[in-house]
Amino acid sequence: LPGMLSLGMLGGAILLPARVERAQQARLRRLTDSAADGERRRISLDLHDGAIQPYLGLKLGLEALRRKVEPGNPLAQDVDELCRVTQESIAELRGYVRVLRGAAPPPGALEQGLRRQIARFQRFYGFKTELKLAPGLQLDAALAGEVVQMVGEGLSNIGRHTVARQVAVSVSGAAGRLVVDIVNQGGGAPWRSFTPASLVQRAGRLGGLVEVAPRGDGALVRIVIPS
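Residues numbered from 1 in each chain as written. Predicted model: local features only at pLDDT ≥ 70, side-chain atom pairs only at ≥ 80, totals over all residues. Heavy atoms only, no water.

**Points about helix α5 (residues 197-205)**
Among the residues of α5, those classed as buried are Leu199, Arg202 and Ala203. Each buried residue of α5 lies within a common arc of 95° when the element is viewed along its axis, so the set occupies one face. For α5, exposure combined with an orientation more than 90 degrees from the buried face picks out Gln201 and Arg205. In this structure, the buried side of α5 is in contact with α4 (141-161), β4 (209-215) and β5 (218-226). (Buried < 20%, exposed > 50% of the residue type's maximum accessible area, 1.4 Å probe, protein only. Helix = DSSP H or I, 4+ residues; strand = E, 2+ residues; numbered from the N terminus. Arc of directions from axis to C-beta. Contact = heavy atoms within 4.5 Å.)

What follows is the structure in structure tokens.
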């Protein structure tokens, strides 16, 4: 019996540090999560006060200027365009704030964000862009925001580095991964291998990768992210 008691006490002595270590790890995780949440909220406040407010002031100023422009003045269209771009920037910044605060994305947020990006680059570069989203695709706010930014960067690369006239963007999900395809056509230039560095970095932070391959007389940029 004394031997059995000694073994029991020894077992308890072994188990006690393990329990303490698990408790400490759990407490550390809670502290880390709390610190990260606090930092996200601080950044969201900085964005709201330091970035969105000046844009709102700019928008009000542009709207006041627009009211002073006489009908038929060719400047009216330019001022309207500046108002539109400012409003889009405000919407994007508010989307970032929602993500940082952990709010659920509004219905259709991914599609709306992608269509804003597409409309912007169509106005800048003049290429026609088709968007295809997989039916019922659901992404959390953070991932949806990343996808919108990556598509924007892909369109910017096409506009700055090619003479493509048509672009197709598709977003789909299957087998635990999200696939974003950006295809440009009509470039007419010989194929040259390239690496979209900013896209590779963004995808890498999400545990994903970027593949580039020739497609017709253009190129396919495929972004694959675990979901």
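**Focus on the sheet that holds strand β3 (residues 177-185)**
On the basis of which strands lie adjacent, the open sheet formed by five strands has the order β1-β2-β3-β5-β4 and mixed pairing. Unpaired on one side and paired on the other, β1 (128-133) and β4 mark the two borders of the sheet. Mean inter-strand twist for the sheet, computed between neighbouring axes without regard to direction, equals 15°. As defined by bridge partners, β3 adjoins β5 across eight bridges and the pair is classed as antiparallel. Pairing of Val183 across the sheet is with Leu220, part of β5. Along the sheet face, helix α3 (residues 109-125) touches β1 and β2 (166-174) and points at about 170° away from the line of β1. Running at roughly 140° to β4, α5 makes contact with β4 and β5 of the sheet. (Pairing = 2+ DSSP bridges. Axes fitted to C-alpha atoms, helices over the stretch in contact; angles between N-to-C directions.)

**Observations regarding unusual backbone geometry**
Across residues other than glycine, the phi torsion is negative in most instances, and most of the peptide bonds are trans. Positive phi is not limited to glycine here, since Ala175 has a value of about 50°. Structurally, Ala175 can be placed in the loop between β2 and β3. Using a relative accessible area of 83% as the deciding quantity, one classes Ala175 as exposed.

**With respect to the confidence of the model for the chain**
For the chain, the average pLDDT comes to 78, and 71% of its residues sit at 70 or higher. The lowest-confidence element of the chain is helix α1 (residues 2-68), averaging 64 in pLDDT; the highest-confidence one is β3, averaging 94. (pLDDT = per-residue confidence, 0-100.)

**Description of the pattern of salt bridges**
Overall, the coordinates contain eight salt bridges when judged by the stated rule. The salt bridge involving Glu111 is made with Arg115; its shortest N-O contact spans 3.0 Å. Of this pair, Glu111 and Arg115 both sit in helix α3, four residues apart, which is roughly one turn of the helix. Residue classification places Glu111 among the partly exposed positions, given a relative accessible area of 34%. Two residues, Arg202 and Glu153, come together in a salt bridge whose shortest N-O distance is 2.6 Å. Here Arg202, found in helix α5, pairs with Glu153, found in helix α4; they are 49 residues apart in sequence, far enough to count as distant. Of the two residues examined, Arg202 and Glu153, each falls in the buried class. One network of salt bridges, in which partners are shared, links Glu81, Arg84 and Arg123. (Salt bridge = Lys/Arg side-chain N within 4 Å of Asp/Glu carboxyl O.)

**Topic: the pairing of β2**
Relative to β2, β1 is paired through six bridges, and the arrangement is parallel. Counterpart to Leu133 in the pairing with β2 is Val171. Read from β1 through α4 to β2, the crossover connection turns out left-handed. For β2 and β3, the ladder comprises nine bridges, and the chain directions are antiparallel. Bridged to Ser170 within β3 is Asp181. (Right-handed = clockwise from strand over helix to strand, strands pointing away.)

**So, the packing of α3 against α4**
Axis separation between α3 and α4 bottoms out at 9 Å; the angle between their running directions is 15°. Between α3 and α4, the crossing angle belongs to the class labelled roughly parallel. Considering how the two elements wind past one another, α3 and α4 form a crossing that is right-handed. Side by side, α3 and α4 meet where Leu110, Gly113, Leu114, Gln117, Ile118, Phe121 and Tyr125 of the first sit next to Ala144, Val147, Val148, Gln149, Val151, Gly152, Leu155, Ser156, Gly159 and Arg160 of the second. (Parallel < 35°, antiparallel > 145°, perpendicular 65-115°, else oblique. Left-handed = near helix turned anticlockwise from the far one by under 90°.)

**Some points on the environment of Glu211**
Considering the arrangement of structural elements, one finds Glu211 in strand β4. Put simply, Glu211 and Phe194 are 17 residues apart on the chain and 10.0 Å apart in space, counted from C-alpha to C-alpha.

**Details of the nonpolar core**
One finds Leu114, Val147, Leu155, Leu178, Val180 and Ile223 to be the most contacted residues of the largest nonpolar core, which totals 28 residues. Elements with a minimum of two residues in this core: α3, α4, β2, β3, α5 and β5. Ranked by the residues each element gives to this core, the list is headed by α4, at eight residues. Contacts of Val147, omitting those with residues within four sequence positions, involve Leu110, Leu114, Leu139, Val171, Leu178 and Val180. (Core = buried A, V, L, I, M, F, W, Y, C linked by side-chain atoms within 4.5 Å.)

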